[in-house]
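# Fold and contact review
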Amino acid sequence: MSMNTRVSIQTADFDLSTEVALLRQQDRGVGAVCSFIGTVRDRNDGQSVSAMELEHYPGMTEKAIEAMIDEAFRRFQILGARVIHRVGPLKPLDQIVLVVVSSAHRGQSFQACEFLMDYLKTQAPFWKKEETPEGARWVDARVSDDAALARWGIQAGNA
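Only a predicted model underlies this, so the values are computations on that prediction, with no experimental measurement involved. (Residues numbered from 1 in each chain as written. Predicted model: local features only at pLDDT ≥ 70, side-chain atom pairs only at ≥ 80, totals over all residues. Heavy atoms only, no water.)

## Considering the nonpolar core
Within the largest apolar cluster, 30 residues are counted, with the highest numbers of intra-cluster contacts made by Ile65, Val99, Val101, Leu116 and Leu120. The leading source of residues in this core is helix H3 (residues 106-122), at seven residues. Every residue in contact with Leu116, bar those within four places of it in the chain, is listed here: Met68, Ile69, Ala72, Ala81, Val99 and Val101. Within the second largest apolar cluster, six residues are counted, among which are Phe14, Val20, Ile84 and Leu98. (Core = buried A, V, L, I, M, F, W, Y, C linked by side-chain atoms within 4.5 Å. Buried < 20%, exposed > 50% of the residue type's maximum accessible area, 1.4 Å probe, protein only. Helix = DSSP H or I, 4+ residues; strand = E, 2+ residues; numbered from the N terminus. Contact = heavy atoms within 4.5 Å.)

## A few points about the packing of aromatic side chains
Across all of its chains, the model carries two aromatic pairs by this definition. With centroids separated by 5.0 Å and ring planes inclined at 70 degrees, the aromatic side chains of Tyr57 and Trp127 adopt a geometry described as edge-to-face. Of the two residues, Tyr57 is situated in the loop between strand S5 (51-56) and helix H2 (60-75) and Trp127 in strand S9 (residues 126-132); the sequence distance between them amounts to 70 residues. Classification of Trp127 by relative accessible area gives partly exposed; the value is 36%. (Phe/Tyr/Trp six-rings, centres within 6.5 Å; stacked < 30°, edge-to-face > 60°.)

## Comments concerning the environment of Asp94
As for its placement among the helices and strands, Asp94 is situated in the loop between strand S7 (88-90) and strand S8 (95-103). Its relative accessible area of 26% is what places Asp94 among the partly exposed residues. Counting along the chain gives 56 residues from Asp94 to Gly38, while the straight-line C-alpha distance between them is 8.7 Å. Those residues in contact with Asp94 that sit more than four places away from it in its chain are Gly38, Thr39, Val40 and Arg86. One polar contact links the side chain of Asp94 to the main-chain amide nitrogen of Lys91, over a distance of 2.8 Å. (Polar contact = N/O pair within 3.5 Å; in protein donor to acceptor, adjacent residues only side chain to side chain.)

Nothing here speaks to function; it is geometry throughout.
Structure (structure tokens):
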């Protein structure tokens, strides 16, 4: 991975320390780094989940996330951002997503990190299939996720 890569869609796991170090070494003005890691739960909507699989459209997914990172740079005073999203088969406890944002001060990093995660939960073109005791099911974006995005002034197109 190059130091300038902002978005990676991959089957392989990721390492938080490595990603933070790469983001920090790009700019001596960094005074704050905020990160978020999403992991696979063993339950969703009251059902046990033994595994899940994430699919995406290669090229389209990266382009969509790049555009939202550009929007984060417009809205917040951030110095760097990195998003990694895993695809393929995953099990409970596996890491799914990483968002890391750097800035001079913590407030901007926190806000941009949350903004990017709210976007990823609702608008990024991923499809999630969960394995439950009743069989496999495709999972839709939640209304609560749409509401989280709406507070940033963005309408979710998940009606």
